[in-house]
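So the chains spell out like this:
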Amino acid sequence: MEQLIDNLALGFGTALSLKNLALCFLGCMVGTLIGVLPGVGPIATIAMLLPITFGIDPTGALIMLAGIYYGAQYGGSTTAILVNIPGEATSVVTVLDGHQMARQGRAGVALGIAAIGSFIAGCVATVVIAALGEPLTKLAMLFGPAEYFSLMVMGLVFAVVLARGSLPKAIAMIVLGLLLSTVGTDLETGQERLTFGVAELSDGVDFAVLAMGIFGFAEIIRNLENPEARDVVRGKIGPLLPSWADFKQSIAPIARGTGLGAILGILPGNGAVLGPFASYTLEKKIAKDPSRFGRGAIEGVAGPEAANNAGAQTAFIPLLTLGIPPNAVMALMVGAMTIHGIIPGPQVVTKNPQLFWGMIASMWIGNLMLLIINLPLVGLWVRLLKVPYSLLYPAILLFCCIGIYSINNSTSDVLFTAFFGLVGYALIKFGYEPAPLLLGFVLGKLMEEKLRQALILSRGSFMTFVERPVSAGLLLVAAVMLAIALLPSIRKSRDEVFTE
Amino acid sequence: MRTILTALSVAAAFAAGPAMAQAYPNKPITMIVPFAAGGPTDVIARIAADNMSKTLGQQIVIENVAGAGGTTGSTRTAQSVPDGYTIMMGHMGTHGAAPALYPNLKYDPTKDFEPIGMVAGTPILIVAKKTFPAKDLKEFLAKAKADGDKINEAHAGIGSVSHTTCLLLNAQAGLKPTQVPYKGTGPALNDLVSGQVDFMCDQIVNLVEQIKGGNIKAYAIATPERSPALPDVPTTKEAGLPEYQVSAWNAMFAPKGTPKDITAKLNDALQKALADENTRKRLLELGAVLPDKAGQTQDALGTFVGQEVARWTPVIKASGAVGQ
């Protein structure tokens with residue numbers, strides 16, 4: 001305990017220097033901005049800003065880059081709420097109720113609670129990293145391919161429970177998502193699958209391309225159909241700060257979301273994407289009146305936003321304690337550290353305590369800064385809705401295109417996004433929800449990879465999934481949830497819940 | 001349309017020929033890195049480009065064009081206008097193993113590029129999970145051979161450095177492990193640390209801290225001399241497998257037809273970077289091996305690429321692995 005305080009004191013001493021404070025602020029500011037712009041993600045931004053950090057010391061550089069990363073998580077929810085575009089896999093869920101709130105004239109409250117929820121989650125996650133980082137890493141090491149596969153199965157069950165409207169349609173969308181995730185080069189043999197000889201598809205479909213297409217472009221096409229319907233929305237902004245009643249309703253979901261997000265974030269292999277989904281499902285399950293979900297329930301924004309931010313921060317644990325990056329942004333942080341001559345690994349804590357603890361302390365400071373930057377800016381973001389659509393839509397389309405181009409510097413990605421935009425529009429017209437498709441897609445990639453690794457390791461025996469205790473436990477949870485969702489007596493009430 | 005545009009710009013370049021060559025470089029140079037930002041090749045490219053920009057007086061901008069084992073970015077470079085403003089950081093995979101891995105490859109590493117110069121090699125290590133019951137390379141090879149396909153080898157995907165370099169090891173040492181593919185080094189290393197898989201081969205920069213931290217065992221380094229980053233790890237020669245000599249090299253290339261004086265100028269800037277104390281230090285800290293003076297010339301790289309293609313083709317063909 002005493003050592004923890006010593007360590008944190010060292011960290012705050014480092015992070016509170018004028019230069020590091022300025023870098024932290026700069027990172028948070030840039031991060032928020034790129035998060036708000038649809039399509040321009042933290043990966044492209046950090047890659048572009050890497051050369052600028054050459055001149056700064058490694059601690060300052062990492063503080064700034066980390067600020068961009070969690071700033072983008074904050075900013076991403078703004079776009080999700082206001083224009084119905086999830087910029088990152090983790091903000092898909094925020095779209096569901098956040099955008100509905102915006103349509104009901106409660107955009108300010110949705111943005112406010114997202115910022116507050118994220119701040120609380122960020123504070124808790126900082127403490128978790130400082131106090132429990134190392135023991136938790138050992139826990140995460142228990143996860144082999146079999147455990148991962150079972151975790152993803154649980155995620156797919158979440159997806160079924162998450163769906164609105166008709167169950168067969170939701171399952172069809174999940175399966176379509178899974179199918180899309182299999183496009184590209186086969187992991188084991190290197191053969192191309194479902195690419196129709198198109199070279200650009202040999203690495204599969206990019207998440208951003210799919211998400212921008214079926215959410216972003218499709219939403220804009222749909223709105224062009226009847227611009228009148230949305231005029232009501234931009235008239236009313238609503239109060240910026242949540243009322244006391246809103247806050248009371250949100251605090252428990254925030255706490256639960258923080259817990260779920262923090263745990264899932266530690267798992268190597270991008271477990272963080274599951275956090276918001278898990279939180280949303282949980283809130284919907286335990287809500288007194290689940291029919292409010294999907295129609296602007298504040299819990300549906302507060303919980304997942306907290307989970308999202310907690311996961312974004314605990315994702316640093318495997319990087320800082322093991323030196324193994326759990327996702328693409330963390331892989332980039334590894335690159336940033338190596339460029340500065342620090343090779344991430346288990347020895348960073350002992351060899352560079354200033355860097356390690358300075359970065360952890362800066363996360364808390366960064367979260368505070370984000371709250372300060374964001375709450376006054378909420379008014380500005382909300383005013384975005386007042387921009388005439390004749391200007392707003394082309395601008396959003398343009399930013400989406402720039403963002404997608406910047407991922408791989410590839411024009412064909414932009415064309416694919418346009419294609420998925422048309423597909424998304426058709427899906428909306430036929431009454432299919434895009435969210436389960438996206439979840440199926442995100443989970444499908446990991447699921448196939450882990451399934452095949454697990455089966456190679458077990459030499460083809462499916463028993464591996466039930467013989468390993470952690471894996472068996474996860475499958476059991478999935479089975480129970482599925483039973484609850486499908487049992488006839490409960491299904492009756494479910495139909496009431498899900499049909500609009 | 002594209003070809004017309006290219007033709008036009010080539011014509012324009014020729015029209016402005018002498019004046020432009022005088023002024024080269026008079027605008028930023030794009031260096032295509034055919035892998036995602038943050039990986040070993042990207043880091044080496046950024047460190048070298050940082051110093052070269054100072055010498056050339058123009059910024060070298062890194063453009064990451066990842067995909068299909070680096071061949072997407074290499075194809076784009078091969079097809080770009082050869083005016084010296086598009087160059088690339090090639091690699092053992094893109095300019096050595098690719099012709100054997102990708103039957104539909106749209107470029108020939110030996111014919112479609114002008115060599116600029118070798119930048120750095122990162123040595124390959126043979127590593128195993130920390131509980132693997134073998135104390136040195138000899139014991140490891142004996143055990144792995146005896147166990148046949150009961151032993152699990154992790155690699156970072158078909159065509160990755162860890163995949164091809166382990167194919168060479170398996171061929172030379174007569175191993176037949178079960179190969180477990182991952183997407184990238186991170187997840188593969190994660191499962192090696194937690195003991196889900198038995199061994200892998202990979203670049204020193206990815207492994208050095210895990211070895212120092214005692215999370216994995218290193219049996220040998222595939223270079224003639226020990227690495228200062230890991231002085232306790234014996235070379236393959238010392239450990240009894242002298243024929244296993246391999247490193248993931250990184251070298252700069254320009255598209256075929258780039259004027260000689262321009263590639264010479266780039267080679268000169270690269271040699272200055274490799275002589276610069278700070279740049280050397282940063283590269284050596286990564287565990288990289290830098291080429292000697294003779295190895296820094298354009299001709300040396302041209303010859304080397306031919307040898308590499310000839311070396312990898314039979315190993316990969318024999319394994320039956322196909323990229324794309």
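Worth saying up front: this structure is predicted, and the values here are computed from it rather than measured.

A closer look at the overall build of chain A
Then, number 1: In terms of helices and strands, chain A carries 23 helices and 2 strands.
Then, number 2: Each of the 500 residues in chain A was classed as buried or not, and the buried ones make up 57%.
Then, number 3: The long-range share in chain A, meaning contacts at least 24 apart out of those at least 6 apart in sequence, stands at 80%.

Here we look at the pairing of strand 9 (residues 247-255) of chain B
All names here are of chain B.
Then, number 1: Burial of strand 9 is extensive: 9 of the 9 residues sit out of reach of the surface.
Then, number 2: Side chains of strand 9 alternate between two faces, with S247, W249, A251, F253 and P255 and A248, N250, M252 and A254 buried alike.
Then, number 3: Taken together, the 4 bridges between strand 3 (residues 86-91) and strand 9 define a ladder with antiparallel strand orientation. If you follow G90 over to strand 9, its bridge partner there is A251.

Comments concerning the pairing of strand 6 (residues 178-181) of chain B
Working note: regular strand, side chains alternate between the two faces of the sheet.
Residues and elements named next belong to chain B.
Then, number 1: Relative to strand 6, strand 5 (residues 152-155) is paired through 4 bridges, and the arrangement is parallel. Within strand 6, the position partnered with A154 by the bridge is V180.
Then, number 2: With helix 7 (residues 161-173) bridging strand 5 and its parallel neighbour strand 6, the resulting β-α-β unit is right-handed.

Remarks on the interface of chain B and chain A
Then, number 1: Taken together, the contact between chain B and chain A spans 43 residues of the former and 40 residues of the latter.
Then, number 2: Those elements giving two or more residues to the side of chain B that touches chain A turn out to be helix 3 (40-56), strand 2 (60-64), strand 6, helix 8 (185-193), helix 9 (204-212) and helix 12 (277-285) of chain B.
Then, number 3: Examining the composition of the side of chain B that touches chain A, we find that 6 residues originate from one element, helix 8 of chain B, more than from any other.
Then, number 4: Split by residue class, the side of chain B that touches chain A holds 17 nonpolar, 16 polar and 10 charged.

Some points on the confidence of the model for chain B
All names here are of chain B.
Then, number 1: The share of residues in chain B with pLDDT of 70 or more is 92%, and the mean pLDDT across the chain is 89.
Then, number 2: For the stretch residues 1-5, pLDDT sits under 50, and the model shows 0 contacts to residues farther than four places along the chain or on other chains.
Then, number 3: Counted against residues more than four places away or in other chains, residues 10-21, with its pLDDT under 50, gives 7 contacts.
Then, number 4: Predicted complex metrics record ipTM = 0.82 and pTM = 0.81.

A look at helix 5 (residues 92-103) of chain A
Residues and elements named next belong to chain A.
Then, number 1: The first and last C-alpha atoms of helix 5 sit 17 Å apart over 12 residues, in line with the 16 Å expected at 1.5 Å per residue.
Then, number 2: When you tally the buried positions in helix 5, you get 11 out of 12 residues, the bulk of the element.
Then, number 3: The complete set of buried residues in helix 5 reads V92, V93, T94, V95, L96, D97, G98, H99, Q100, M101 and A102.
Then, number 4: The first or second residue beyond helix 5 is G105, which carries a positive phi of 80°.

Considerations on unusual backbone geometry
Then, number 1: Across the junction of B:Y24 and B:P25, the peptide omega takes the value -5°, indicating a cis bond.
Then, number 2: Position of B:P25 relative to the elements: it lies in the loop between helix 2 (17-23) and strand 1 (29-33).
Then, number 3: Phi is positive for A:L194, close to 55°, though the residue is something other than glycine.
Then, number 4: Its location among the elements puts A:L194 in the loop between strand 2 (192-193) and helix 9 (207-225).
Then, number 5: Non-glycine residue A:F196 carries a positive phi angle of around 50°.
Then, number 6: Among the secondary structure elements, A:F196 is positioned in the loop between strand 2 and helix 9.

Structural notes on the nonpolar core
Then, number 1: Counting 256 residues, the largest nonpolar core has B:M31 and B:V127 as its most contacted members.
Then, number 2: Two domains each put at least three residues into this core: domain 1 (2-122 + 249-319) and domain 2 (123-239) of chain B.

Thoughts on the packing of helix 11 (residues 244-266) of chain A against helix 12 (residues 274-286) of chain A
Residue and element names in this part refer to chain A.
Then, number 1: Interhelical geometry of helix 11 versus helix 12 gives an angle of 145° and a closest axis separation of 8 Å. At the point where helix 11 passes helix 12, the crossing takes the right-handed sense. The segment helix 11 lies against helix 12, with P253, R256, G257, L260, G261, L264 and G265 engaging L274, G275, A278, S279, L282 and E283.
Then, number 2: Grouping the amino acids of the contact of helix 11 with helix 12 by side-chain chemistry returns 6 nonpolar, 5 polar and 2 charged.

What to know about helix 3 (residues 42-49) of chain A
Each full turn of the α-helix corresponds to 3.6 residues, which orients residues three or four apart in the same direction.
Then, number 1: In terms of burial, helix 3 of chain A is largely enclosed, as 6 of its 8 residues are buried.
Then, number 2: Within the span of helix 3 of chain A, buried status applies to A:P42, A:I43, A:A44, A:T45, A:I46 and A:A47.

Considering the environment of A:A61
All names here are of chain A.
Then, number 1: Following the sequence through the fold, A61 ends up in helix 4 (residues 58-83).
Then, number 2: By C-beta crowding, A61 is classed as buried, having 25 other C-beta atoms within 10 Å.
Then, number 3: Along the sequence, A61 and A115 sit 54 residues apart, while their C-alpha atoms lie 25 Å from each other.
Then, number 4: Not counting chain neighbours up to four residues away, the residues in contact with A61 comprise T53, I56, A336 and H340.

Here we look at the domain arrangement of chain B
Residue and element names in this part refer to chain B.
Then, number 1: Along its sequence, chain B is organised into domain 1 (2-122 + 249-319) and domain 2 (123-239).
Then, number 2: On a C-alpha basis, the centres of domain 1 and domain 2 stand 29 Å from each other.
Then, number 3: Residue-level contacts link 16 residues of domain 1 with 15 residues of domain 2.
Then, number 4: When residues of the side of domain 1 that touches domain 2 are traced back to their parent elements, those giving at least two are helix 5 (92-101), strand 4 (113-129) and helix 13 (298-319).
Then, number 5: The greatest single-element share of the side of domain 1 that touches domain 2, amounting to 5 residues, is contributed by helix 13.
Then, number 6: Of the residues in the side of domain 1 that touches domain 2, the class split is 10 nonpolar, 6 polar and no charged.

Cut-offs and rules
- Residues numbered from 1 in each chain as written.
- Chains lettered and ligands numbered in written order.
- Predicted model: local features only at pLDDT ≥ 70, side-chain atom pairs only at ≥ 80, totals over all residues.
- Helix = DSSP H or I, 4+ residues; strand = E, 2+ residues; numbered from the N terminus.
- Buried ≥ 20, exposed ≤ 12 C-beta atoms within 10 Å, placed from the backbone.
- Contact = placed C-beta atoms within 7 Å.
- Pairing = 2+ DSSP bridges.
- Right-handed = clockwise from strand over helix to strand, strands pointing away.
- Nonpolar A, V, L, I, M, F, W, Y, C, P; charged D, E, K, R; others polar.
- pLDDT = per-residue confidence, 0-100.
- Expected span 1.5 Å × (residues − 1).
- Core = buried A, V, L, I, M, F, W, Y, C linked by C-beta atoms within 7 Å.
- Domains from an automatic or database assignment.
- Axes fitted to C-alpha atoms, helices over the stretch in contact; angles between N-to-C directions.
- Left-handed = near helix turned anticlockwise from the far one by under 90°.

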